[in-house]
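Coordinates in review
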Amino acid sequence: MTSPIPAPGEPLAHYVSTAPFDPYSVEVMTEEQVRVNQASQLRLMWWKFKRHKVALASGIFLAALYGMILICEFLAPYNLHTRNMDFIYAPPQRVHFFHDGSFVGPFVYGRTMQLDMDTLKRNYTDNPADVQPIRFFCRGDSYRFWGLFESNVHLVCPAENGQMFLLGSDRLGRDVLSRIIYGARISLTIGLLGITVSFVLGIVIGGLAGYHGGVFDLVVQRLIEVLQSIPSIPLWLSLAAIMPATWSPILIYLGITVILGLLDWTGLARAVRSKLLALREEDYVLAAQLMGAKSSRIIGRHLVPGFMSHLIATATISIPGMILGETALSFLGLGLRPPITSWGILLTEAKSVSVIAFYPWLLFPTIPVIFVILAFNFLGDGLRDAADPYK
């Protein structure tokens with residue numbers, strides 16, 4: 001029913017609805033919009049990170065590697081120091097499943113060795129009559145798990161009185177695969193410890209320089225310029241040479257970690273300083289100052305979270321750099337020393353060109369280094385984007 005048209009000069013009729021007002025009737029959201037609006041910051045970050053498939057796969061890969069170093073004694077087929085003097089410089093063995101047309105399961109063929117008297121090279125040939133089944137969840141070389149208790153249980157073992165060198169053996173007949181697994185514990189953890197030292201120094205020194213400025217900022221910037229002008233490798237070598245040769249392997253490991261952390265904080269400190277120079281002029285910083293907040297609280301609670309995505313990307317890029325630094329120092333003989341085993345120490349076996357030409361499998365430790373560095377870079381790219389889910 002329509003209302004009558006008022007005559008000229010008469011006021012328009014005004015109607016007020018007495019029905020209760022429903023605010024949700026103005027804008028009806030879908031279930032997906034409601035789920036996004038009610039999600040927490042961490043959930044939004046996780047949703048955005050999952051969309052970066054390469055970063056997600058890299059994160060799973062790195063999580064598996066870091067989980068592996070917790071049980072490397074169990075995963076390695078041999079003990080770290082087990083020597084097989086009859087199989088020096090043995091090439092990698094192929095894993096077979098079928099023998100004479102019938103399924104046997106995973107196995108390797110036994111080998112015979114002949115010494116070439118002209119080149120003094122050991123030539124290994126497979127013996128098809130000697131089938132050596134690979135055992136799983138078996139008892140093999142004894143080891144001391146994390147130095148706490150003795151055990152001899154392994155995930156995979158060679159056959160009884162047999163040999164299994166899936167990635168070959170070195171000059172002392174030690175299994176390369178087992179040594180790579182053991183070396184992962186040192187090479188992967190040295191990056192985490194080093195980045196911890198670097199982050200503490202970079203955030204504290206760079207934060208104070210950017211927040212307060214003045215003479216302290218001037219001194220810090222000149223110190224950073226001096227450190228960054230020195231070539232990295234000579235500086236590494238000089239600092240590593242300072243460590244006494246009488247130090248235990250654990251002290252050398254901690255020393256290398258501190259050295260890598262001390263040399264890597266300059267770039268992060270400069271980045272933190274530049275960010276804080278811009279953020280300290282914001283109104284919420286002035287409000288925190290008027291409320292009596294200390295500098296440490298303002299930097300830690302209000303300023304640093306504002307560029308967390310940059311810090312995450314810096315961390316994931318710095319860890320591979322420290323792994324490469326430890327690898328380079330150990331390769332040059334000035335880093336970690338036996339009996340500690342890392343990927344850099346394993347590569348010292350391949351210093352000679354003749355060794356590489358005859359025994360190229362000694363370069364296999366470079367493969368996990370490459371994959372770990374690529375995984376950290378992809379992970380950092382995904383975390384950097386996920387740290388700011390509203391972009």
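Residues numbered from 1 in each chain as written. Predicted model: local features only at pLDDT ≥ 70, side-chain atom pairs only at ≥ 80, totals over all residues. Heavy atoms only, no water.

As a further point, take the overall build of the protein. Scanning the protein for helices and strands turns up 14 helices and five strands. Computed over C-alpha atoms, the radius of gyration of the protein comes to 31 Å, more than 25% over the 21 Å expected from 2.2 N^0.38 for 391 residues, which places it beyond the range of a compact globule. If one aligns the C-alpha atoms of the protein with their principal axes, the spans along those axes are about 120 × 65 × 40 Å. Counting only contacts in the protein whose residues sit at least 6 apart along the sequence, the fraction spanning at least 24 positions is 67%. Between the centroid of the 30 positive side chains of the protein and the centroid of its 28 negative side chains there is a distance of 6 Å. (Helix = DSSP H or I, 4+ residues; strand = E, 2+ residues; numbered from the N terminus. Rg over C-alpha atoms; globule rule 2.2 N^0.38 Å. Contact = heavy atoms within 4.5 Å. Lys, Arg positive; Asp, Glu negative; His and termini not counted. Charge placed at Lys NZ, Arg CZ, Asp CG, Glu CD.)

With that out of the way, let us pick up the environment of Phe-61. Inspection of the secondary structure assignment puts Phe-61 in helix α3 (residues 53–68). Taking the C-alpha atoms as reference, Phe-61 lies 27 Å from Gly-105; in sequence the two are 44 residues apart. For Phe-61, the residues in contact, after removing those within four places along its chain, are Phe-371, Val-372 and Ala-375.

Let us now look at the pattern of salt bridges. Summed over the entire model, instances satisfying the criterion amount to 13 salt bridges. A salt bridge links Asp-170 to Arg-174; the nearest nitrogen and oxygen atoms lie 2.9 Å apart. The pair Asp-170 / Arg-174 is uniform in exposure class, with both members buried. (Salt bridge = Lys/Arg side-chain N within 4 Å of Asp/Glu carboxyl O. Buried < 20%, exposed > 50% of the residue type's maximum accessible area, 1.4 Å probe, protein only.)

A word on the layout of surface pockets. Approximately 520 Å³ is the volume found for the largest pocket. Contributing to the lining of the largest pocket are 19 residues, with Glu-73, Leu-80, Tyr-182, Arg-185 and Ile-186 lying nearest its centre. Secondary structure elements with two or more residues in the lining of the largest pocket: β4 (135–145), α5 (176–212) and α8 (249–279). Per element, the largest residue contribution to the lining of the largest pocket is four residues, and it comes from α5. For the lining of the largest pocket, the residue count by class is eleven nonpolar, five polar and three charged. The residue makeup of the lining of the largest pocket includes at least three contributed by each of domain 1 (96–164) and domain 2 (178–387). Put simply, the second largest pocket is a space of about 320 Å³. If you trace the second largest pocket, you find 14 residues lining it, with Ser-232, Trp-236, Leu-263, Asp-264 and Thr-266 closest to the centre. (1 Å grid on protein atoms, 1.4 Å probe; cavity = no way out; pocket = protein on both sides within 12 Å on 5 of 7 lines; lining within 4 Å. Points joined across faces, edges and corners; volume = space filled by probe spheres on them. Nonpolar A, V, L, I, M, F, W, Y, C, P; charged D, E, K, R; others polar. Domains from an automatic or database assignment.)

Moving on to the packing of aromatic side chains. For the coordinates displayed, the defined rule picks out eleven aromatic pairs. Taking 3.8 Å as the distance between ring centres and 5 degrees as the angle between the ring planes, the aromatic pair formed by Tyr-89 and Tyr-359 counts as stacked. Of this pair, Tyr-89 sits in the loop between α4 (72–75) and β1 (96–99) while Tyr-359 is found in the loop between α13 (353–358) and α14 (366–386), placing the two residues 270 residues apart along the sequence. When its relative accessible area of 13% is taken as the criterion, Tyr-89 is described as buried. (Phe/Tyr/Trp six-rings, centres within 6.5 Å; stacked < 30°, edge-to-face > 60°.)

Attention now moves to the packing of α5 against α8. One way to put it is that α5 packs onto α8 with a least axis distance of 5 Å and a crossing angle of 35 degrees. In this structure, α5 crosses over α8, and the sense of that crossing is right-handed. A per-class count over the contact of α5 with α8 returns 21 nonpolar, nine polar and two charged. (Axes fitted to C-alpha atoms, helices over the stretch in contact; angles between N-to-C directions. Left-handed = near helix turned anticlockwise from the far one by under 90°.)

Within the UniProt annotation, "transmembrane region" (unreviewed entry) is assigned to residues 54–76, 188–213, 233–263, 311–336 and 356–379. End C-alpha atoms of residues 188–213 are separated by 37 Å, and the span's content is 96% helix alongside 0% strand. For the annotated span residues 356–379, helix accounts for 71% and strand for 0% of the residues, and the straight-line distance between the end C-alpha atoms is 33 Å. (UniProt positions renumbered as here; feature names shortened; annotations may be inferred.)

This paragraph deals with the state of the cysteines. All told, the structure shown has one disulfide when counted by the stated rule. Left unpaired, Cys-72 is separated from the closest cysteine sulfur, that of Cys-157, by 15 Å. (Disulfide = S-S within 2.5 Å.)

Right, let's talk about the domain arrangement of the protein for a bit. Taken domain by domain, the protein consists of domain 1 (96–164) and domain 2 (178–387). One C-alpha centre belongs to domain 1, the other to domain 2; they are set 40 Å apart.

Moving on, we get to a nonpolar patch on the surface. There is a patch of nonpolar side chains on the surface, built from Leu-70, Ile-71, Trp-146, Leu-148 and Phe-149 and spanning about 520 Å² of accessible area. Mapped onto the elements, Trp-146 comes out in the loop between β4 and β5 (149–157). (Patch = residues over 30% accessible without salt bridge, like charges linked within 9 Å, V, L, I, M, F, W, Y side chains within 5 Å. Areas by Shrake-Rupley, 256 points an atom, 1.4 Å probe, with all protein chains shown as cover.)

Relative to the helices and strands, Thr-82 resides in the loop between α4 and β1. In this structure the side chain of Thr-82 is engaged in a polar contact, spanning 2.8 Å, whose partner is the side chain of Asp-141. Every residue in contact with Thr-82, bar those within four places of it in the chain, is listed here: Asp-141, Gly-173 and Arg-174. (Polar contact = N/O pair within 3.5 Å; in protein donor to acceptor, adjacent residues only side chain to side chain.)

Our next topic: the nonpolar core. Among the nonpolar cores identified, the biggest contains 69 residues, and Leu-188, Ile-256, Leu-303, Leu-336, Trp-343, Leu-362 and Val-372 are the most heavily contacted of them. The element contributing the most residues to this core is α5, with eleven residues. Phe-87, Ala-90, Val-156 and Phe-165 belong to the second largest nonpolar core, which has nine residues in total. (Core = buried A, V, L, I, M, F, W, Y, C linked by side-chain atoms within 4.5 Å.)

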